[in-house]
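Here is what each chain is made of, one letter per residue.
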Amino acid sequence: FRVVERLVGDVVNTFPDPFLHLGGDEVNTSCWEGSERIREWMELNNMTAGDAFKLFLLRTQAVAAKLHRRPVVWDEVWDVLGANLSKNVIIQQWRWGGNHINMTRNV
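Remember, it's a predicted structure, so these values are computed and weren't measured experimentally. (Residues numbered from 1 in each chain as written. Predicted model: local features only at pLDDT ≥ 70, side-chain atom pairs only at ≥ 80, totals over all residues. Heavy atoms only, no water.)

It is worth spelling out the sheet that holds strand 2 (residues 70–74) at this point. Spatially, three strands are ordered 1-2-3 in an open sheet, and the strand pairing comes out parallel. In this open sheet, the two strands that pair with only one neighbour each are strand 1 (19–23) and strand 3 (90–92). Each neighbouring strand pair of the sheet contributes to a mean axis angle of 30 degrees, computed without reference to strand direction. As paired elements, strand 2 and strand 3 share three bridges and run parallel to each other. Bridge pairing links Trp74 to Gln92 in strand 3. Helix-sheet contacts for helix 4 (residues 49–66) involve strand 1 and strand 2, and the interaxial angle to strand 1 is about 165 degrees. (Pairing = 2+ DSSP bridges. Helix = DSSP H or I, 4+ residues; strand = E, 2+ residues; numbered from the N terminus. Axes fitted to C-alpha atoms, helices over the stretch in contact; angles between N-to-C directions. Contact = heavy atoms within 4.5 Å.)

Our focus in this paragraph is the environment of Leu57. Here Leu57 is to be found in helix 4. With residues up to four places along the chain from it excluded, the contact list for Leu57 reads Gly24, Val77, Val80 and Leu81.

What follows deals with the packing of aromatic side chains. The final tally for this structure, using the stated rule, is two aromatic pairs. Measuring from centroid to centroid gives 6.4 Å for Trp32 and Phe53, while their planes differ by 55 degrees, and the two rings are tilted. Placement of the pair is Trp32 in helix 2 (residues 30–34) and Phe53 in helix 4, with a sequence separation of 21 residues. On the accessibility criterion, Phe53 (9% relative accessible area) is buried. The positively charged end of Arg59 is found above the aromatic ring belonging to Phe1, 4.1 Å away from the centroid. (Phe/Tyr/Trp six-rings, centres within 6.5 Å; stacked < 30°, edge-to-face > 60°. Buried < 20%, exposed > 50% of the residue type's maximum accessible area, 1.4 Å probe, protein only. Lys NZ or Arg CZ within 6 Å of the ring centre and 35° of its normal.)

Printed below as a string of structure tokens:
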């Protein structure tokens, strides 16, 4: 995660906005399963690709917060993390018919 922290740090230093969009939509983790090195890391940490993606999302949100930026993510991140998503994160809804507003009201 050092690379992610450095990359996010560079972005934050370049763009002074109080928000940082972290994406999180249309992620295909099959490339992780196809990489021997990443597959070994997941096995060592007893994780599936889905678990690794959840960890990545949580860690990148924490990095953004540490750098005093409010994370913004696409609504698919709610589908992955649900109530584990920090209440400080802004969910950008783009899919028609999404019910994320109602789902997050009581979280």
